[in-house]
Amino acid sequence: MSNPKPKLSIQNLFFTYGDETEALRNINLDIMENELFILFGPSRSGKSTLLRLMNRLSDLSEGGQRQGKILFNGSGIFSRKVDVINLRRRISMVFAIPTPLPGTIYDNLTYGLKMAGMRDKATLDERVARSLQQAALWDEVKDRLHTSAFALSGGQKQRLCLARSLALEPEVILLDNPTSGLDPISTTIVEQSLHELKQQYTIIMVPHSVQQAARVADKAAFLLDGQVIEVGRQKDLFVNPKDQRTEDYVTGRFG
Amino acid sequence: MKRQQTQKLAVGIITTVSFLVVVPILLVLIFMIANGIGGISWTFLSQPPRSGMTEGGILPAILGTIFLTLGTAIAAIPLAIGAAIYLSEYASDNRLTRLIRLAIVNLAGIPSIVYGLFGLGAFVLFLNFGTSILAGSLTLGLMTLPVVISTAEEAILSVPQEFRVVSLSLGATRWQTIRHQVLPHALPGIITGVILGLGRAAGETAPILFTVAAFYLPELPQSIFDQTMALPYHLYVISTQIPGMPMEIQYATALVLLLIVLSLTLIATFIRSSMRRRREW
């Protein structure tokens, strides 16, 4: 255990969206299993771009160019042999803007599983119940699983989208600002469930704020203009940052 | 004060103009109904023409038009929807797809008589289908393609992009995403486009002139290789080629054609609005 292998290893990663601007420049990060890893920094620093690269949703942006590697369990995800569909099931993304698919709550939760060919009703029901419990939504929706997902409140939609990813039983969850637009109570609920989720999953998250980053992070990376400025354990990075820019950002001197 | 006056004037003009658009449509309808309604009877709708078409009914023409519309649908829908899906979901923006789009736009601008001649050359003669429902349907289908492709593509593009991204992020394939997230929500728009295209095809004369339409053929077609009468061509024939044709029959025929085309449009409008109401987002 002295030198465990990282769950995800990002090596010399560059990415541009086809125009002149470089979205990411030479990113190197190791993310360990069952770690809650925070990517934070000002807007347009490349956090979401980095998340989208990790399960190759970046493939969707036409003209995007990348260099470098991301290893998942030791093997490269950009290799031609990789089954992208399978990769996205194992590294699952929850978006900043909660987007239920048209249909019922139950439809949303079982969508990924059904697309993967799972038909067994008992298993589907069990996954639905478990993922809703993990996302702290079960008590609120258990009596209306077969009503429209669009009738949920903003906070509930956000947790629904989290549960929808959890239902796939992925290994890694990518969370892009999972508490955007949530009231403080819902935010607390989500943050608490994060601590339970990391027992089972590796979580990479773009936080809502520096305060949230400091509250939940095991480890964090500060990004600025597409570069990693500093990586550290929670207490190092937020209490004793080494880089002046990190300190300025963490203490709120710019943002 | 001046701004308010300009505002009132502008609204006044725009309102008047939009009412003016309705006037000719209403006039055509009223004129046709007033002159033609007397000629419509059960005999007129259920009998073939008799006595040099000056008596009897127009059943073969009505059925012919229905067959041709169905044939057009079968010929055009799979092609058009396939092309629309390809262009909106799969094709990237390159020289080839721009060429395809250009072709579609230009296809829409070709005069219908040119389609008719093309159908004669390609389907009737070269492919040796003869003057037949098959050749006529293919010609009409070709003419309908651009309308249906454009409306279907528009309908597909109006499905929010987020649904696609979410679906893909949950491990669905491209095709599963199209099948489960895109097509169901684009369907009302696609159906509307199809029906409007068919409405136009049902009323066209030129494309069927050389490819399928019979001058006088009281027997109903037995297969897709037979000729048939069709309402638009029949109307042309009885109003220009036959001396002493009773006016009432001409107007009644026009009214029947008008009602078929209008009912297709109404169905399209109804489908669109009822499916819009059920939409959740």
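Coordinates for the structure precede this section.
Residues numbered from 1 in each chain as written. Chains lettered and ligands numbered in written order. Predicted model: local features only at pLDDT ≥ 70, side-chain atom pairs only at ≥ 80, totals over all residues. Heavy atoms only, no water.

**What about the interface of chain B and chain A?**
It is common to give the size of an interface as the accessible area lost on bringing the parts into contact. With 20 residues of chain B at the contact, the number on the chain A side is 23 residues. Between chain B and chain A, a total of about 1,900 Å² is buried, with carbon and sulfur atoms accounting for 68% of that surface. One can count zero salt bridges joining chain B with chain A. The interface formed by chain B and chain A contains three residue pairs in polar contact (both at pLDDT 80 or more). Breaking the side of chain B that touches chain A down by element, the ones donating at least two residues are α7 (161–169) and α8 (174–203) of chain B. Looking at the side of chain B that touches chain A, the element that brings in the most residues is α7(B), giving seven residues. (Contact = heavy atoms within 4.5 Å. Buried area = accessible area lost by both parts, 1.4 Å probe. Salt bridge = Lys/Arg side-chain N within 4 Å of Asp/Glu carboxyl O. Polar contact = N/O pair within 3.5 Å; in protein donor to acceptor, adjacent residues only side chain to side chain. Helix = DSSP H or I, 4+ residues; strand = E, 2+ residues; numbered from the N terminus.)

**A short note on the packing of aromatic side chains**
Scanning all chains against the criterion turns up eight aromatic pairs over all chains. Judged by centre distance (5.1 Å) and plane angle (90 degrees), the rings of Phe15(A) and Tyr17(A) are edge-to-face. Under the relative-accessibility criterion, Phe15(A) is labelled buried at 2%. An angle of 85 degrees between the planes, with centres 6.0 Å apart, marks the rings of Phe118(B) and Phe123(B) as edge-to-face. Phe118(B) gets classed as partly exposed once you look at its relative accessible area, which sits at 45%. Given a relative accessible area of 11%, Phe123(B) falls into the buried group. Aromatic rings pair up to connect Phe40(A), Phe222(A), Phe238(A) and Tyr249(A) into one cluster. The cationic tip of Arg66(A) hangs over the ring face of Phe78(A); the distance from NZ or CZ to the ring centre is 3.9 Å. (Phe/Tyr/Trp six-rings, centres within 6.5 Å; stacked < 30°, edge-to-face > 60°. Buried < 20%, exposed > 50% of the residue type's maximum accessible area, 1.4 Å probe, protein only. Lys NZ or Arg CZ within 6 Å of the ring centre and 35° of its normal.)

**Details of the nonpolar core**
One finds Leu39(A), Leu50(A), Met54(A) and Ile204(A) to be the most contacted residues of the largest nonpolar core, which totals 104 residues. Every residue in contact with Leu50(A), bar those within four places of it in the chain, is listed here: Ile10(A), Leu13(A), Leu24(A), Ile27(A), Leu29(A), Leu39(A) and Leu223(A). The next biggest cluster of nonpolar side chains, apart from the first, holds 33 residues, and it includes Ile208(B), Leu235(B), Ile249(B) and Ala254(B). (Core = buried A, V, L, I, M, F, W, Y, C linked by side-chain atoms within 4.5 Å.)

**So, the sheet that holds strand β10 (residues 227–233) of chain A**
Residue and element names in this part refer to chain A. If you trace the six strands from one edge of the open sheet to the other, you get β6-β7-β8-β3-β9-β10, paired in mixed fashion. The outermost strands of the open sheet, each flanked by one partner alone, are β6 (91–94) and β10. Each adjacent strand pair in this sheet contributes to an overall mean axis angle of 15 degrees, direction not counted. Of the strands in this sheet, β3 (36–40), β7 (172–176) and β8 (202–206) are in contact with helix α7 (residues 184–200), which crosses β8 at around 140 degrees. (Pairing = 2+ DSSP bridges. Axes fitted to C-alpha atoms, helices over the stretch in contact; angles between N-to-C directions.)

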